[in-house]
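The residues making up each chain are set out below.
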Amino acid sequence: MPKFFDKPQSASLAFMVAGAFWFVVGALYGMISAIHLVSPEFLPNVSWLVFGRERPVHVNTMLYGFVGTMLIGCGLYYTPALLRTRLWSERLAWASFFLWNITILSGPLGFSFGHTQGREYNEYIWSADMILMVAVLLLICNVVMTIANRTEEQLYVSVWYFMATFLWTAGNYPLGNVMWRPATGAMPGLIDSLFLWFWGHNLPGLLITPLATGAAYFVIPRMARTPLNSHTLSLLGFWLLIALYSHIGGHHVLQSPIPNWLKAVSIVDSVAMVVPVSIVVLNLWLTARQRGRLIWGDPAARLIMAGIAWYLITCIQGPVQSLPYLQRVTHFNNWTVGHAHIAMLGFGGYIALGAMYHILPLVTGRCIYSNRLVNLQFGLITFGLTGFFIVLTIAGLIQGNAWNNGETVYRVLPQLAPYFISRAALGVFILTGASVGFYNVVMSIRAGRELSVGELQRAEEAA
Ligand code: HEM
Ligand code: HEM
């Protein structure tokens, strides 16, 4: 195998670049989906570009491809750095890289031609599920061995989150995807909704959330040049996340005839989620407090703090929309789509981008090509996402009230048109932001100013 695959941190870099690439691809599919919701006759007679096929490509490419891939790349850098050792096997990490990305590629190549299990967030077909699981198992092996070979005694909380992400995914993904039934990847009847939402819920909660939280806990103290406010608090947040988040997926199907005890548990613990979320937000806030100039003056740290702000908003909205009475207005409509975007792009995506921009120079030995482009990307996606949140929330309230008043769908559609047109227009900002970001990443690797040995040492020592 060529030496290339042994180069330290090369797999981390590959994951981060792939994440930036998938952001552009996912945004393109999002744009086409949004246009199709406004103008269904756009690009007629292209069987693989119809809403039902491009929507899952958009969603899966964004979640696994952009946010997940980029955050794994960050973790493959900070885990060995925090353990003061090297990644156990760079080649194994490359193997995970190829397998992980084959699964993501099976979205645009497979879903578009009908190769899907057709269950939201569980669309990958069985063979792609298997490939993803092997990637996860290889990552577990690599991280465990890196921990075993560490020279640093203390396991900083980011390492806990990174390791736990893969352990949880190895347990949760096969369950939600019903992998023991390869033919359908589904259970019969209503019970399937519980399996489906077990993973549909734990994908954001126990894959994206721990990856993003781990990355934020790594970058913020470094940028603030101070230790984390409280290590104990950070671990309390970690254990509360797994104690509460793992079993509340029932809040996605509260309006269905699932057992009442499950609804009750889901609702109560959804509300209790404010505790671990507040712990993360407060701990990072107290770390960054009085270091405003360092944090807000740095484009990467600013993205992360903005991500934390979106996390807070998402997780105030989340418990509220878990209340069944309120959900009668917010369920089955664009309110939830608004929540999904601020959660996945606002929280997961912002932190992925911020951590990537922080780590990229450490991995490549080159400065970011243009901080102005990072700021431009920040502005574009912030404008687009804030707009998304507003128009989708209003559209959702119109739909929800109409539904509750027994109004027919076709009479509501004209009222929604301005919001759907606005969403498509706002998407252009996010797509441009994604493209600017990818260009900046590629240019940083090719033409970023080389860091001097002293600069690189100082940056690495801050870990
Ligand atoms: C306190 C934390 C949270 C609570 C209690 C919560 C609650 C909920 C509820 C009740 C729904 C379903 C709404 C409906 O269908 O009517 C939902 C949807 C969703 N949530 Fe959250 N949420 C939280 C945080 C998050 C976070 C941190 C993420 C992402 C990392 C996230 C991602 C999503 C997504 C993608 C959906 C859309 C699912 C779909 O397609 O229907 N949520 N959330
Ligand atoms: C160019 C920007 C984007 C556009 C135009 C766009 C558009 C769309 C559209 C049209 C849908 C389908 C909504 C429906 O079925 O009614 C959707 C769903 C979704 N998008 Fe995006 N999107 C964009 C960016 C993103 C980003 C950056 C992420 C995550 C990082 C994301 C995550 C999601 C998720 C999780 C859903 C499923 C929501 C649900 O089922 O509740 N999108 N998006």
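Quick note: structure is the one above.
Residues numbered from 1 in each chain as written. Chains lettered and ligands numbered in written order. Predicted model: local features only at pLDDT ≥ 70, side-chain atom pairs only at ≥ 80, totals over all residues. Heavy atoms only, no water.

K.L.:
I'm lost on the overall build of the protein chain in this one. Help?
P.N.:
Scanning the protein chain from N- to C-terminus turns up 16 helices and 0 strands. Computed over its C-alpha atoms, the radius of gyration of the protein chain comes to 21 Å, within 12% of the 23 Å expected for a compact globule of 463 residues. On the principal axes, the C-alpha backbone points of the protein chain span a range of 70 × 50 × 45 Å. By residue count, 57% of the 463 residues in the protein chain fall in the buried class. Here the contacts in the protein chain between residues at least 6 apart in sequence split such that 84% fall between residues at least 24 apart. (Helix = DSSP H or I, 4+ residues; strand = E, 2+ residues; numbered from the N terminus. Rg over C-alpha atoms; globule rule 2.2 N^0.38 Å. Buried < 20%, exposed > 50% of the residue type's maximum accessible area, 1.4 Å probe, protein only. Contact = heavy atoms within 4.5 Å.)

K.L.:
Is there a simple way to think about empty space enclosed by the protein in this case?
P.N.:
Here the idea is plain: a probe the size of a water molecule rolls over the atoms and shows the empty space left. Enumeration over the complete set of coordinates arrives at 2 cavities of 30 Å³ or more. Quantified by volume, the largest cavity comes out at close to 40 Å³. Y161, T209, T213, G237, L241, M273, P276, V277, V280 and Y311 are the residues that line the largest cavity. For the lining of the largest cavity, the secondary structure elements donating two or more residues are helix 6 (191-224), helix 7 (231-245) and helix 9 (274-288). (1 Å grid on protein atoms, 1.4 Å probe; cavity = no way out; pocket = protein on both sides within 12 Å on 5 of 7 lines; lining within 4 Å. Points joined across faces, edges and corners; volume = space filled by probe spheres on them.)

K.L.:
I tried to follow helix 5 (residues 157-176) on my own but got confused; where do I start?
P.N.:
Residue pairs spaced three or four apart in an α-helix point in one direction, given the helix's 3.6 residues per turn. Helix length check: helix 5 (20 residues) gives 27 Å between terminal C-alpha atoms against 28 Å at 1.5 Å per residue, within 8%. Of all the bends in helix 5, the largest measures some 30 degrees and sits at T169. Taking burial as the measure, the 20 residues of helix 5 include 14 buried ones, the bulk of the element. (Expected span 1.5 Å × (residues − 1). Bend = angle between axes of the 7 residues up to and from the residue.)

K.L.:
What should I look at first to understand the site of ligand 2 in this one?
P.N.:
Neighbouring ligand 2 are 29 residues, the closest being R55, H58, E120, H341 and G427. The contact in question runs from an oxygen atom of ligand 2 to an N or O atom on the side chain of E120, over 2.9 Å. Contact between ligand 2 and H341: a nitrogen atom at 2.8 Å from a side-chain N or O atom of the residue. Residue assignment for the shell around ligand 2 shows that the elements contributing at least two residues are helix 1 (10-38), helix 2 (51-82), helix 13 (334-364) and helix 15 (409-447). At 8 residues, helix 2 tops the list of elements feeding residues into the shell around ligand 2. Of the residues in the shell around ligand 2, the class split is 19 nonpolar, 7 polar and 3 charged. (Near = heavy atom within 4 Å. Polar contact = N/O pair within 3.5 Å; in protein donor to acceptor, adjacent residues only side chain to side chain. Nonpolar A, V, L, I, M, F, W, Y, C, P; charged D, E, K, R; others polar.)

K.L.:
I tried to follow the coordination of the iron atom of ligand 2 on my own but got confused; where do I start?
P.N.:
The protein atoms that coordinate the iron atom of ligand 2 are H58 (NE2) and H341 (NE2), at distances of 2.0 to 2.1 Å. Each of the 6 donor atoms bound to the iron atom of ligand 2 contributes to angles spanning 86 to 180 degrees, and the resulting shape is octahedral. Of this pair, H58 sits in helix 2 while H341 sits in helix 13, and the two are 283 residues apart along the sequence. Accessibility expressed as a relative area gives 16% for H58, which makes it buried. (Donors = N, O, S within 2.8 Å, 3.2 Å for Na, K, Ca; no water. Tetrahedral: all angles 85-135°; square planar, octahedral: opposite > 155°, others 65-115°.)

K.L.:
Would you explain the side chain of S246 in this entry?
P.N.:
You can see S246 is positioned in the loop between helix 7 and helix 8 (260-272). Within polar-contact distance, the side chain of S246 engages the backbone oxygen of I242 at 2.7 Å. Beyond its immediate chain neighbours, meaning those up to four positions away, S246 contacts F198, N202, L206 and L241.

K.L.:
Sorry, what's going on with unusual backbone geometry here?
P.N.:
Negative phi is the rule for most residues except glycine; trans is the rule for most peptide bonds. Its identity as a non-glycine residue notwithstanding, L43 has a phi of 50 degrees, on the positive side. Structurally, the position occupied by L43 is in the loop between helix 1 and helix 2. With phi around 65 degrees, Q290 is a residue other than glycine that occupies positive phi space.

K.L.:
Looking at this structure, how should I read the site of ligand 1?
P.N.:
Around ligand 1, a shell composed of 24 residues is seen, among which E120, Y121, Q321, H331 and H339 lie nearest. Within the side chain of H339, one N or O atom sits 3.0 Å away from a nitrogen atom of ligand 1. Those elements that provide at least two residues to the shell around ligand 1 are helix 6, helix 11 (299-321) and helix 13. Broken down by element, the shell around ligand 1 gets its largest block of residues, 6 residues, from helix 11.

K.L.:
What is the right way to look at the side chain of N202 in this model?
P.N.:
Relative to the helices and strands, N202 is located in helix 6. Setting aside residues no more than four positions away along its own chain, N202 makes contact with N172, W197, L207, Y245 and S246.

K.L.:
Explanation requested: the coordination of the iron atom of ligand 1 in the structure shown.
P.N.:
Think of it this way: four donors in a tetrahedron around the metal ideally sit 109.5 degrees apart, and six in an octahedron ideally sit 90 or 180 degrees apart. For the iron atom of ligand 1, the sole protein-derived donor is H339 (NE2), lying 2.2 Å away. Here H339 lies in helix 13.

K.L.:
For this particular structure, what's the right way to read the pattern of salt bridges?
P.N.:
Pairs may arise between side chains of opposite charge once their charged atoms sit close together. Per the counting criterion, the structure on display carries 6 salt bridges. Between E450 and R366 there is a salt bridge whose closest N-O contact spans 3.6 Å. With E450 in the loop between helix 15 and helix 16 (453-461) and R366 in the loop between helix 13 and helix 14 (371-404), the pair connects residues that are 84 residues apart, well separated along the chain. When its relative accessible area of 54% is taken as the criterion, E450 is described as exposed. (Salt bridge = Lys/Arg side-chain N within 4 Å of Asp/Glu carboxyl O.)

K.L.:
So what exactly am I meant to see when it comes to the packing of aromatic side chains here?
P.N.:
Remark: the centre distance and the inter-plane angle together describe each pair of aromatic rings, the angle taken between the planes. By the definition in use, this model includes 35 aromatic pairs. A centroid spacing of 6.4 Å and a plane angle of 75 degrees characterise the contact between W310 and Y350, whose relative ring orientation is edge-to-face. Of this pair, W310 sits in helix 11 while Y350 is found in helix 13, placing the two residues 40 residues apart along the sequence. Under the relative-accessibility criterion, W310 is labelled buried at 9%. On the basis of relative accessibility, which here comes to 0%, the residue Y350 falls in the buried class. Residues Y311 and F347 carry aromatic rings whose centres are separated by 4.0 Å and whose planes lie at 15 degrees to one another, so their mutual orientation is stacked. In this pair, Y311 sits in helix 11 while F347 sits in helix 13, placing the two residues 36 residues apart along the sequence. Residue classification places Y311 among the buried positions, given a relative accessible area of 5%. (Phe/Tyr/Trp six-rings, centres within 6.5 Å; stacked < 30°, edge-to-face > 60°.)

So, to be careful, I would describe these as geometric facts and stop short of saying anything about function.
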